[in-house]
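# Observations on the model geometry
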Amino acid sequence: MKKTVLSLLLLSLAIFISAYKNQRALPVSIANDKTDTVQFPGETHFANVQQLTFGGDNAEAYFSFDDRYLIFQKTNPKEGIACDQIWMGKVPTQAGERFQPKLVSTGTGRTTCAYFFPDGKHILYGSTHLASKDCPPVPDRSKYGNKYIWAVYEGFDIFKADTSGKIIQQLTNTKGYDAEATISPKGDKILFTSIRNGDLDLYTMDLNGRHVKQITNILGYDGGAWFSPDGTKIIWRASRPTTEAEIKEYKDLLKENLVAPTHMEVWIANADGSNAHQITFLEQANWAPNFTPDGKRVIFCSNHEYKRGFPFNMYLTDLDGKGLEKISRDKGFDAFPMFSHDGKKIVFSSNRNNGGTHDTNVFIADWVE
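All values derive from a computational prediction rather than experimental measurement. (Residues numbered from 1 in each chain as written. Predicted model: local features only at pLDDT ≥ 70, side-chain atom pairs only at ≥ 80, totals over all residues. Heavy atoms only, no water.)

## Some details on the nonpolar core
Ranked by internal contacts, the top residues of the largest apolar core, which has 56 residues, are Ile71, Tyr115, Leu124, Ile190, Trp287 and Phe336. Excluding residues that lie within four positions of it along the chain, Ile71 makes contacts with Glu60, Ala61, Tyr62, Ile86, Trp87, Met88, Val104, Ala114, Tyr115, Phe116 and Ile123. The next biggest cluster of nonpolar side chains, apart from the first, holds 18 residues, and it includes Ala179, Leu200, Leu254 and Val259. (Core = buried A, V, L, I, M, F, W, Y, C linked by side-chain atoms within 4.5 Å. Buried < 20%, exposed > 50% of the residue type's maximum accessible area, 1.4 Å probe, protein only. Contact = heavy atoms within 4.5 Å.)

Laid out in structure tokens, this is it:
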């Protein structure tokens, strides 16, 4: 991401990431064990966990700059939502208060990776609705040895809309994939992923879409990027094919607007892309990174503990990748974490409490240091 879609190894990823949910991309659908609970033993950083959505694939929920609203992507065929659309709702502030989101994307095409502008009056997200009003087809994995394959749909562009859903501006208009956008807390730059140079790299642009600048240039998929709370650094997930076979596979798939992100690690750089370096070396899939509110630590999702490829849990580490701490314990899927700007809340997507289904829902909790 989505955001861009609630889809991101092996056979588990195929189960885990539903045809994109992109994330930042990649919402998931892994059935957990028979335990239905919103909080597992050992999740000591969470308090007062509340489930906000019920049914379907709901992922990439992110706070507005004033922490009053959440925006996220949702697929639920039972509700007539055939592929990801963007929804927005007010964060509950009282016990028993319901989360009541509204549709803010066009309702056509596939969307991904939504984010609020600092003014709280506008949003941005990736969408394929100009290419086609229909949901783009999910890749046929049988053609690629049944490995997990994720489409970087050529029709994705990034749009600015108001919070009623009216599109104000098309921010990108180049051939190929443009999505996975976030905005600096400084309110001056948008950070996004694009294939405009033939590879999946990170770019920045002004809030009006001008002054586009490429800031990564190493072969491989760079995506799901965020600014640090002070806007001076960025963090993202990256694949880095190195062997001749890996490079050939990556390039061959990319020609078909596909990637197979079965090995990703977390990278950090300065906001202009300088001093880019890898901070996790855990193998398998390490992704959906974000900064803690003080900017001194990183939270991310990983399946590195499990050779079979799942569960996916969330972990904390310092900016050097040291001091690793496991913070979530679902036996299915926990990912897409974001802290509220005041540091009091965390929101994430999870398979927990889904009645043994493949549903992925949004949860919010008080953050306990």
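## Examining the layout of surface pockets
If a probe as big as a water molecule is rolled over the atoms, it shows which places are left empty. Of the pockets and cavities examined, the largest pocket occupies roughly 400 Å³. Ser239, Arg240, Pro241, Glu246 and His263 are, among the 19 residues lining the largest pocket, the residues nearest its centre. Secondary structure elements with two or more residues in the lining of the largest pocket: helix H2 (244-255) and strand S18 (265-270). Ranked by the residues each element gives to the lining of the largest pocket, the list is headed by H2, at four residues. In terms of residue class, the lining of the largest pocket is built from ten nonpolar, five polar and four charged. The calculated volume of the second largest pocket comes to roughly 290 Å³. Broken down by secondary-structure element, the contributors of at least two residues to the lining of the second largest pocket are strand S1 (46-51) and strand S26 (361-367). Ranked by the residues each element gives to the lining of the second largest pocket, the list is headed by S1, at three residues. (1 Å grid on protein atoms, 1.4 Å probe; cavity = no way out; pocket = protein on both sides within 12 Å on 5 of 7 lines; lining within 4 Å. Points joined across faces, edges and corners; volume = space filled by probe spheres on them. Helix = DSSP H or I, 4+ residues; strand = E, 2+ residues; numbered from the N terminus. Nonpolar A, V, L, I, M, F, W, Y, C, P; charged D, E, K, R; others polar.)

## Digging into unusual backbone geometry
For the bond from Phe310 to Pro311, the omega torsion is 10 degrees, close enough to zero to count as cis. Relative to the elements of secondary structure, Pro311 occurs in the loop between strand S21 (297-302) and strand S22 (313-318). If you check the backbone angles, Asn275 has positive phi at about 55 degrees while not being a glycine. Structurally, Asn275 can be placed in the loop between S18 and strand S19 (277-278). The phi dihedral of Ala288 is positive, around 50 degrees, even though this residue is not glycine.

## Focus: the state of the cysteines
On inspection of all chains with the given rule, the structure shows one disulfide. Note that Cys83 is cross-linked by a disulfide to Cys135, the S-S spacing being 2.2 Å. The S-S bond linking Cys83 to Cys135 shows a torsion near -90 degrees; that makes this disulfide left-handed. Of the two residues, Cys83 is situated in strand S4 (residues 81-90) and Cys135 in the loop between strand S7 (122-127) and strand S8 (150-151); the sequence distance between them amounts to 52 residues. For Cys135, a relative accessible area of 34% gives the class partly exposed. For Cys113, which is in no disulfide, the shortest distance to another cysteine sulfur is to Cys83 and amounts to 14 Å. In this model Cys301 remains outside any disulfide bridge; the closest cysteine sulfur is found in Cys113, 15 Å from its own. (Disulfide = S-S within 2.5 Å.)

## Looking at the sheet that holds S7
The strands making up a sheet associate through backbone hydrogen bonding, with each pair oriented either parallel or antiparallel. Spatial strand order, S6-S7-S9-S10: four strands in an open sheet with antiparallel pairing. The outermost strands of the open sheet, each flanked by one partner alone, are strand S6 (111-116) and strand S10 (167-170). Adjacent strand axes in the sheet meet at a mean angle of 25 degrees, parallel and antiparallel pairs treated alike. Two elements, S6 and S7, share four bridges in a ladder whose sense is antiparallel. Among the inter-strand pairings, Thr111 is bridged to a residue of S7, identified as Ser127. (Pairing = 2+ DSSP bridges. Axes fitted to C-alpha atoms, helices over the stretch in contact; angles between N-to-C directions.)

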